[in-house]
Amino acid sequence: QVQLVESGGGLVQAGGSLRVSCAASGRTFSSYTMAWFRQAPGKEREFVAGITRSAGNTYYADSVKGRFTISRDNARNTVYLQMNSLKPEDTAVYYCAARVGGGVYARPLEYNYWGQGTQVTVAS
């Protein structure tokens, strides 16, 4: 089992940057596929970005491609989401998720563990 704790959210002006982090407990972090999802008020949780266990492959939602970068540091049991050129529509609670085994999937049901979320607010 793994516990996930997000940090780094906050308020930023449109066009600005923010990096959110997700620290995982346990000694098997490198065995999990990791992803970031987000959920805005009144909307469903949506896939933002995912990264394979070895960090060899990354995947992004079309809405963030070219602006966001997911990375992981298996030695530090941490996954990051660097967000640049932020837009007001990026405002949401951002969740870190871990999936046992390989493969990055966009469906939340494919992930076994979730963090509590961190709020990102982009002001126009």
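Residues numbered from 1 in each chain as written. Predicted model: local features only at pLDDT ≥ 70, side-chain atom pairs only at ≥ 80, totals over all residues. Heavy atoms only, no water.

Student: I tried to follow the environment of Ala24 on my own but got confused; where do I start?
Tutor: Along the chain, Ala24 turns up in strand 3 (residues 18-24). Relative accessible area serves as the criterion here: at 11%, Ala24 is assigned to the buried category. Taking the C-alpha atoms as reference, Ala24 lies 9.7 Å from Asn74; in sequence the two are 50 residues apart. The residues touching Ala24, leaving out its near neighbours within four places in the chain, are Val2, Gln3, Leu4, Phe29 and Asn77. (Helix = DSSP H or I, 4+ residues; strand = E, 2+ residues; numbered from the N terminus. Buried < 20%, exposed > 50% of the residue type's maximum accessible area, 1.4 Å probe, protein only. Contact = heavy atoms within 4.5 Å.)

Student: I'm lost on the side chain of Arg99 in this one. Help?
Tutor: Secondary-structure assignment places Arg99 in strand 9 (residues 92-100). Polar contacts involving the side chain of Arg99 include one to the main-chain carbonyl oxygen of Gly102, which spans 3.0 Å. If we skip the residues at most four places from it in the chain, Arg99 touches Ser31, Tyr32, Thr33, Tyr105, Glu110, Tyr111 and Asn112. (Polar contact = N/O pair within 3.5 Å; in protein donor to acceptor, adjacent residues only side chain to side chain.)

Student: Sorry if this is basic, but what is going on with the nonpolar core here?
Tutor: One recurring pattern in soluble globular proteins is that nonpolar side chains are buried together. Counting residues in hydrophobic clusters, the biggest one holds 30 residues, and the most contacted among them are Met34, Trp36, Val79, Leu81, Met83 and Tyr94. In this view, Met34 contacts Leu4, Cys22, Phe29, Ala49, Gly50, Ile51, Ile70, Arg72, Val79, Cys96, Ala97 and Ala98; residues no more than four positions away in its chain are not counted. Of all hydrophobic cores here, the second largest spans five residues; its members include Ala35, Phe37, Phe47 and Ala97. (Core = buried A, V, L, I, M, F, W, Y, C linked by side-chain atoms within 4.5 Å.)

Student: What is the right way to look at the side chain of Glu6 in this model?
Tutor: With respect to the element layout, Glu6 can be found in strand 1 (residues 4-7). In this structure, Glu6 is buried with no salt-bridge partner, the nearest side chain bearing the opposite charge being Arg45 at 7.5 Å. Engagement of the side chain of Glu6 in a polar contact is seen with the backbone nitrogen of Cys96, the distance being 2.8 Å. A polar side-chain atom of Glu6 sits 2.9 Å from the main-chain amide nitrogen of Gly117. If we ignore the near neighbours within four places in the chain, the residues touching Glu6 are Ser21, Cys22, Trp36, Tyr94, Tyr95, Cys96, Gly115, Gln116, Gly117 and Thr118. (Lys, Arg positive; Asp, Glu negative; His and termini not counted. Salt bridge = Lys/Arg side-chain N within 4 Å of Asp/Glu carboxyl O.)

Student: Where do I start with the sheet that holds strand 8 (residues 78-83) in this structure?
Tutor: Strand pairing in a sheet is mediated by backbone hydrogen bonds. Such pairs are either parallel or antiparallel. Read from one edge of the open sheet, four strands run 1-3-8-7, paired in antiparallel fashion. Sheet topology places strand 1 and strand 7 (68-73) at the edges, where each strand pairs with a single neighbour. Adjacent strand axes in the sheet meet at a mean angle of 15° when their direction is disregarded. Pairing geometry for strand 7 and strand 8, over six bridges, is antiparallel. Its bridge partner lying in strand 8, Arg72 is registered against Val79. (Pairing = 2+ DSSP bridges. Axes fitted to C-alpha atoms, helices over the stretch in contact; angles between N-to-C directions.)

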